[in-house]
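Single-letter residue listing:
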Amino acid sequence: GEPPKPKQSKKRKREKLAESNNSKKEHNMSEGLKDAVEEMLQSYVPSSQLDRPPLYCRICKHQSTTMSEFEAHRKTELHLEAVKLEK
């Protein structure tokens, strides 16, 4: 048989997944927003490695002081795009 393929890094898998997702559906995210989200995700820390305070968005590293502020953050374009790209 053929030799096994070397494992891809998580980042490369994410890039490959993003490429295939982009070809399946058209999504017109601005380049500036995409760059901001990608930059933010470069310093992403899994929740298992954090002491998570209440009302903290681990993806965006945003701390809210009230539930309404936290819910408003979760509806922002930046947060929604970060969640899509994180998956």
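First, a word on what this report is: a plain description of the structure on this page. Keep in mind it's a predicted model, so treat the numbers as computed, not measured.

The next thing to look at is the nonpolar core. Of all hydrophobic cores here, the largest spans 10 residues; its members are Met-29, Leu-33, Val-37, Met-40, Leu-41, Cys-57, Ile-59, Cys-60, Phe-70 and Ala-82. Setting aside residues up to four positions removed in sequence, Ile-59 forms contacts with Met-40, Leu-41, Tyr-44, Ala-82, Val-83 and Glu-86.

Turning to the side chain of His-79, a few remarks are in order. Mapped onto the fold, His-79 is located in helix α4 (residues 77-86). A distance of 3.3 Å separates polar atoms of two side chains, one belonging to His-79 and the other to His-73. Apart from residues lying up to four places away in sequence, His-79 is in contact with Cys-57, Cys-60, His-73 and Arg-74.

Here we take up the packing of helix α2 (residues 31-42) against α4. At their nearest, the axes of α2 and α4 sit 10 Å apart, and the two run at 60 degrees to each other. Helix-helix and strand crossings are classified by hand; for α2 and α4 the assignment is right-handed. Counted together, Leu-33, Ala-36, Val-37, Glu-38, Met-40 and Leu-41 of α2 and Glu-77, Leu-78, Glu-81, Ala-82, Leu-85 and Glu-86 of α4 form the full contact between these two elements. The class makeup of the residues in the contact of α2 with α4 is eight nonpolar, no polar and four charged.

Here α2 contains 12 residues, and its C-alpha end-to-end distance of 16 Å stays within 8% of the 16 Å for a straight helix at 1.5 Å per residue. Leu-33, Val-37, Met-40 and Leu-41 are the residues of α2 that are buried. Buried residues of α2, viewed axially, fall in a sector of 95 degrees; they line one side. With respect to the buried face of α2, the exposed residues turned more than 90 degrees away are Glu-31, Gly-32, Glu-39 and Gln-42.

Applying the stated criterion to the full structure yields two salt bridges. With a shortest N-O distance of 3.2 Å, Glu-86 and Arg-58 are connected by a salt bridge. Of this pair, Glu-86 sits in helix α4 while Arg-58 sits in the loop between β1 (56-57) and β2 (62-63), and the two are 28 residues apart along the sequence.

Looking now at unusual backbone geometry. If you check the backbone angles, Leu-55 has positive phi at about 60 degrees while not being a glycine. Position of Leu-55 among the secondary structure elements: in the loop between α2 and β1. Backbone geometry places Lys-61, a non-glycine residue, at a positive phi of 60 degrees. Examined against the element boundaries, Lys-61 turns out to sit in the loop between β1 and β2. Classification of Lys-61 as partly exposed rests on a relative accessible area of 38%.

Criteria and thresholds
Residues numbered from 1 in each chain as written. Predicted model: local features only at pLDDT ≥ 70, side-chain atom pairs only at ≥ 80, totals over all residues. Heavy atoms only, no water. Core = buried A, V, L, I, M, F, W, Y, C linked by side-chain atoms within 4.5 Å. Buried < 20%, exposed > 50% of the residue type's maximum accessible area, 1.4 Å probe, protein only. Contact = heavy atoms within 4.5 Å. Helix = DSSP H or I, 4+ residues; strand = E, 2+ residues; numbered from the N terminus. Polar contact = N/O pair within 3.5 Å; in protein donor to acceptor, adjacent residues only side chain to side chain. Axes fitted to C-alpha atoms, helices over the stretch in contact; angles between N-to-C directions. Left-handed = near helix turned anticlockwise from the far one by under 90°. Nonpolar A, V, L, I, M, F, W, Y, C, P; charged D, E, K, R; others polar. Expected span 1.5 Å × (residues − 1). Arc of directions from axis to C-beta. Salt bridge = Lys/Arg side-chain N within 4 Å of Asp/Glu carboxyl O.

Functional significance is not addressed by these values, which are geometric in nature.
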